Amino acid sequence: MRDLGGLAMEMYRREQFREDLLSEHARDIANLETRLHELDSMLAAAAAGRRATASRCECGAPIIWGSHFCANCGRPVGEQPVVSCTQCGHPLPADAEFCPSCGKAAEPPANGDGVAETDATVIGSEAVDPDRWEE
């Protein structure tokens, strides 16, 4: 803006106006102003989204998006706990052996088909001769 004003003032002093040069500089400034408004609105939208999604646990620690438990105190996050007691529904830590609310023994985690996970063992392996590559 200052350059455009300086240019217009200098043209006035010399009594030689070039409207095409003034129009070009004015158009550049208008385009910059439009782009600044776009960037301001994008920054405002990003800041509003960040504020809306930022939540805190009861202990005051920030909750990371997508987490199921508070990283500071271990409280469950969300509407329904990920691990809960089958008898009373109280939320449980993942490594709990008993429910702190009713005292029922916690069930071991299943692997998806209802069968508890077990350790795998290797029954046997055949020796491979490193000199026989193509057989």
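Check the entry above for the structure.
What you see is a predicted model; the values in this text were computed from it and never measured.

**Considering the overall build of the protein**
Scanning the protein for helices and strands turns up 2 helices and 2 strands. Listing every helix and strand of the protein by position from the N terminus yields α-α-β-β. Relative to its 135 residues, the protein shows a buried fraction of 8%. Across the protein, contacts joining residues at least 24 apart in sequence account for 2% of those joining residues at least 6 apart. About 12,000 Å² of surface is accessible on the protein, with carbon and sulfur atoms providing 53% of the total.

**A word on the environment of Pro62**
Looking at the secondary structure, you find Pro62 in strand E2 (residues 62–63). The exposed category is assigned to Pro62, whose relative accessible area is 56%. For the pair Pro62 and Asn72, spaced 10 residues apart in sequence, the C-alpha separation works out to 8.7 Å.

**Some thoughts on unusual backbone geometry**
Of note in this structure, Glu15 is not a glycine but carries a positive phi near 55°. By the element assignment, Glu15 lies in the loop between helix H1 (2–14) and helix H2 (19–53).

**Some remarks on the state of the cysteines**
Under the counting rule described, the total for this entry stands at 0 disulfides. A disulfide-free cysteine, Cys99 has its sulfur positioned 3.6 Å from the sulfur of Cys88, the nearest such atom. Of all cysteine sulfurs, the one in Cys85 lies closest to Cys102, which takes part in no disulfide; the gap is 3.6 Å. According to the relative accessible area criterion, Cys102 is partly exposed, its value standing at 34%.

**Things to note about H1**
The terminal C-alpha atoms of H1 lie 18 Å apart, and with 13 residues this matches the ideal 18 Å at 1.5 Å per residue to within 8%. With its phi angle positive at about 55°, Glu15 sits one or two positions after the end of H1.

Reading guide: rules and limits
Residues numbered from 1 in each chain as written. Predicted model: local features only at pLDDT ≥ 70, side-chain atom pairs only at ≥ 80, totals over all residues. Heavy atoms only, no water. Helix = DSSP H or I, 4+ residues; strand = E, 2+ residues; numbered from the N terminus. Buried < 20%, exposed > 50% of the residue type's maximum accessible area, 1.4 Å probe, protein only. Contact = heavy atoms within 4.5 Å. Areas by Shrake-Rupley, 256 points an atom, 1.4 Å probe, with all protein chains shown as cover. Disulfide = S-S within 2.5 Å. Expected span 1.5 Å × (residues − 1).

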